[in-house]
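Listed here are the chains, written in short residue letters.
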Amino acid sequence: MKILQVKTSSRSVAIDITHEVQRAITEAGFSRGLSFVYVPHTTAGVTINEGADPHVMEDVMNTLDRLVPWQGSYRHTEGNAAAHIKTSLMGNGVHLFVEGGKLVLGTWQRIFLCEFDGPRTRKVHIHWINAL
Amino acid sequence: MKILQVKTSSRSVAIDITHEVQRAITEAGFSRGLSFVYVPHTTAGVTINEGADPHVMEDVMNTLDRLVPWQGSYRHTEGNAAAHIKTSLMGNGVHLFVEGGKLVLGTWQRIFLCEFDGPRTRKVHIHWINAL
Amino acid sequence: MKILQVKTSSRSVAIDITHEVQRAITEAGFSRGLSFVYVPHTTAGVTINEGADPHVMEDVMNTLDRLVPWQGSYRHTEGNAAAHIKTSLMGNGVHLFVEGGKLVLGTWQRIFLCEFDGPRTRKVHIHWINAL
């Protein structure tokens, strides 16, 4: 298991962590099987989407803001209820295949940490299981 | 594999099942690897979010109600279309790491069964794979 | 690993791929463990929901259209921002248990490829890990 530390710079931002996940797998010498990426937080999630145009993830984050506005009639009184709700909508774990030591990603796919209550330093857990 | 039975008491409610998942892992003597929690239903899901303040999951469930109201112009005629839609938004499976026989959860993280069409008795499947 | 090819016939459509996933597992002679279904695209996802009444997945897809309309003030200029956003809401991977060579699905559960920017030919990756 490898734990990444990711600094986020604003309240709501998506950060491409593909390179860091690949590096962890390379450094572990893991060559073939499944990798599991997990965010141990309740106001940040993880998703896979297009990375070539950064506007795509801005649209994802802006749409979540529109559907789940920061200000609302929430019962949680810490002020960040929207961030919790968005986390459940995005999810906090993805699985990825690894072949020949490389993440098997589609042409446009990148892995994003979704910060919903930043700025903070977030953790990302990476595990892997060998295919037999 | 272990199957939990969870009774839900109202139409829309989130139930903390962390203790039951941990107990299944402990009883199986599983010490290190990945655990997979799966809900074999189409009107109930599973998510990971804050458990310290129960208002957080109330906000999640209330927001889903607002975005996907029970009454609406749905084509499914059994009356529970909203419950099916919320299930796909939440998802019906999560993975968790286990180290030293314990679920690796963030400080505030708990595992919730999300009932969208209760009250019912629901099943939760728990599997695990040893890390080699 | 097995890769399915799935043709989609319209912009927004859910296609039941349960039979194809089961066939891949059967042909591989895989009998017990976990199966991982993964869509290597950024404008198509995968979900598990009811298959007996096809109206259920129509309601899921129509609700996503309502929440994330095709036309909107998106920054991504290729015209398919909504498809990317829906992909992150649905997710692009699910895990399933396999026992006795069969997918362990609930009574009503089926696996659906969710096309959000068709018609296209899509890939679905299927992996599995033996339970020890």
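This is a predicted model, so every value here is computed, not measured.

1. Notes on the interface of chain B and chain A
On the side of chain A, 28 residues touch chain B, which itself brings 30 residues to the contact. Counting the surface lost from both chain B and chain A, the interface buries some 2,500 Å², and carbon and sulfur atoms represent 61% of this. Viewed at the interface, chain A and chain B are joined by one salt bridge. For Arg75(A), the salt bridge goes to Glu58(B), with nearest N and O atoms at 2.5 Å. In this structure, the connection of chain B to chain A is made through 13 residue pairs in polar contact (both at pLDDT 80 or more). Contributions of two or more residues to the side of chain B that touches chain A are made by β3 (33-38), β4 (44-50), α2 (55-67), α3 (81-90) and β5 (93-99) of chain B. When residues of the side of chain B that touches chain A are assigned to their parent elements, the largest contribution, nine residues, is made by α2(B).

2. Examining the pairing of strand β7 (residues 109-115) of chain C
All names here are of chain C. Counting buried residues along β7, six of its seven residues qualify, which places the element largely inside the surrounding structure. Sheet topology note: the strand β2 (residues 13-16)/β7 ladder contains four bridges and is antiparallel. Bridge assignment links aspartate 16 to a residue of β7, and that residue is phenylalanine 112. Where strand β4 (residues 44-50) meets β7, seven bridges bridge the pair, whose relative direction is antiparallel. Within β7, the residue paired with isoleucine 48 across the bridge is isoleucine 111.

3. Quick notes on the relation of the copies chain B and chain A
The transform that puts chain B on chain A rotates by 120 degrees and translates by 0.0 Å along the axis, for an RMSD of 0.0 Å. Both chain copies can therefore be described as sitting about a three-fold axis. Residue Leu89(B), judged by its C-alpha, is the member of chain B lying nearest the rotation axis, at 3.6 Å. When the interface residues of chain B are mapped onto chain A, a mere 17% of them again fall at the interface, so the copies present different faces.

4. Considering the interface of chain A and chain C
Counting residues at the interface gives 30 residues for chain A and 28 residues for chain C. Here chain A packs against chain C, burying approximately 2,500 Å² in sum over the two surfaces, 61% of which is carbon and sulfur. The largest contributions to the chain A side of the interface with chain C come from Asp59(A), His95(A) and Phe97(A), which together make up 23% of the buried area. Our count for the chain A to chain C interface comes out at one salt bridge. The tally of links from chain A across to chain C stands at 13 residue pairs in polar contact (both at pLDDT 80 or more).

5. Things to note about the environment of Ile25(A)
All names here are of chain A. Looking at the secondary structure, you find isoleucine 25 in helix α1 (residues 18-28). The class of isoleucine 25 is buried, set by a relative accessible area of 0%. Taking the C-alpha atoms as reference, isoleucine 25 lies 7.8 Å from lysine 102; in sequence the two are 77 residues apart. Setting aside residues up to four positions removed in sequence, isoleucine 25 forms contacts with Phe30, Ser35, Val98, Gly101, Leu103 and Trp128.

6. Regarding the packing of α2(B) against α3(B)
For any two helices packed against each other, the geometry is given by the interaxial angle and the distance between the axes. All names here are of chain B. In contact at an axis separation of 10 Å, α2 and α3 are set at 125 degrees when each is read in the N-to-C sense. Relative to α3, the element α2 lies oblique. Crossing handedness for the pair α2 and α3: right-handed. Of the residues in α3, those touching α2 at Val60, Leu64 and Asp65 are Lys86, Leu89 and Met90.

7. Here we look at helix α2 (residues 55-67) of chain C
Relative to the 18 Å expected for 13 residues at 1.5 Å per residue, α2(C) spans 18 Å between its end C-alpha atoms, a close match to the ideal helical length. Of the positions making up α2(C), those classed as buried are Val56(C), Met57(C), Asp59(C), Val60(C), Met61(C), Thr63(C), Leu64(C) and Leu67(C).

8. Some words on the sheet that holds strand β7 (residues 109-115) of chain A
To summarise the sheet geometry, strands pair through backbone hydrogen bonds and adopt either a parallel or an antiparallel arrangement. All names here are of chain A. Spatially, three strands are ordered β2-β7-β4 in an open sheet, and the strand pairing comes out antiparallel. For this open sheet the edge positions go to β2 (13-16) and β4 (44-50), each flanked by a neighbour on one side alone. Averaged over all adjacent pairs, the angle separating strand axes in this sheet is 35 degrees, with direction ignored.

9. Digging into the side chain of His125(B)
Tracing the backbone shows His125(B) in strand β8 (residues 121-130). When residues no more than four places from it in sequence are discounted, the contact partners of His125(B) are Met1(B), Lys2(B), Ile3(B), Phe36(B), Val37(B), Tyr38(B), Pro40(B), Phe97(C) and Val104(C).

10. What about the relation of the copies chain A and chain C?
Rotating chain A by 120 degrees and translating it 0.0 Å along the rotation axis places it on chain C, where the RMSD comes to 0.0 Å. Residue by residue, only 17% of the interface of chain A is reproduced at the interface of chain C, so the copies engage with different surfaces.

11. With respect to the pattern of salt bridges
A complete count under the given rule lists 20 salt bridges over all chains for this structure. Among the salt bridges present, the one from Lys2(B) reaches Glu27(B), with a minimum N-O distance of 4.0 Å. Here Lys2(B), found in strand β1 (residues 2-7), pairs with Glu27(B), found in helix α1 (residues 18-28); they are 25 residues apart in sequence, far enough to count as distant. For Glu115(C), the salt bridge identified is with Arg122(C), shortest N-O distance 2.7 Å.

12. Side note on empty space enclosed by the protein
With a probe scaled to a water molecule rolled over the atoms, the places where space remains empty come into view. Applying the stated criterion to the full structure yields two cavities of 30 Å³ or more. There is about 610 Å³ of room inside the largest cavity. The wall of the largest cavity is formed by 40 residues, among which Gly93(A), Met90(B), Gly93(B), Met90(C) and Gly93(C) lie closest to the centre. In terms of residue class, the lining of the largest cavity is built from 20 nonpolar, 20 polar and no charged.

Parameters at a glance
Residues numbered from 1 in each chain as written. Chains lettered and ligands numbered in written order. Predicted model: local features only at pLDDT ≥ 70, side-chain atom pairs only at ≥ 80, totals over all residues. Heavy atoms only, no water. Contact = heavy atoms within 4.5 Å. Buried area = accessible area lost by both parts, 1.4 Å probe. Salt bridge = Lys/Arg side-chain N within 4 Å of Asp/Glu carboxyl O. Polar contact = N/O pair within 3.5 Å; in protein donor to acceptor, adjacent residues only side chain to side chain. Helix = DSSP H or I, 4+ residues; strand = E, 2+ residues; numbered from the N terminus. Buried < 20%, exposed > 50% of the residue type's maximum accessible area, 1.4 Å probe, protein only. Pairing = 2+ DSSP bridges. Least-squares fit on C-alpha atoms with pLDDT ≥ 70 in both. Axes fitted to C-alpha atoms, helices over the stretch in contact; angles between N-to-C directions. Parallel < 35°, antiparallel > 145°, perpendicular 65-115°, else oblique. Left-handed = near helix turned anticlockwise from the far one by under 90°. Expected span 1.5 Å × (residues − 1). 1 Å grid on protein atoms, 1.4 Å probe; cavity = no way out; pocket = protein on both sides within 12 Å on 5 of 7 lines; lining within 4 Å. Points joined across faces, edges and corners; volume = space filled by probe spheres on them. Nonpolar A, V, L, I, M, F, W, Y, C, P; charged D, E, K, R; others polar.

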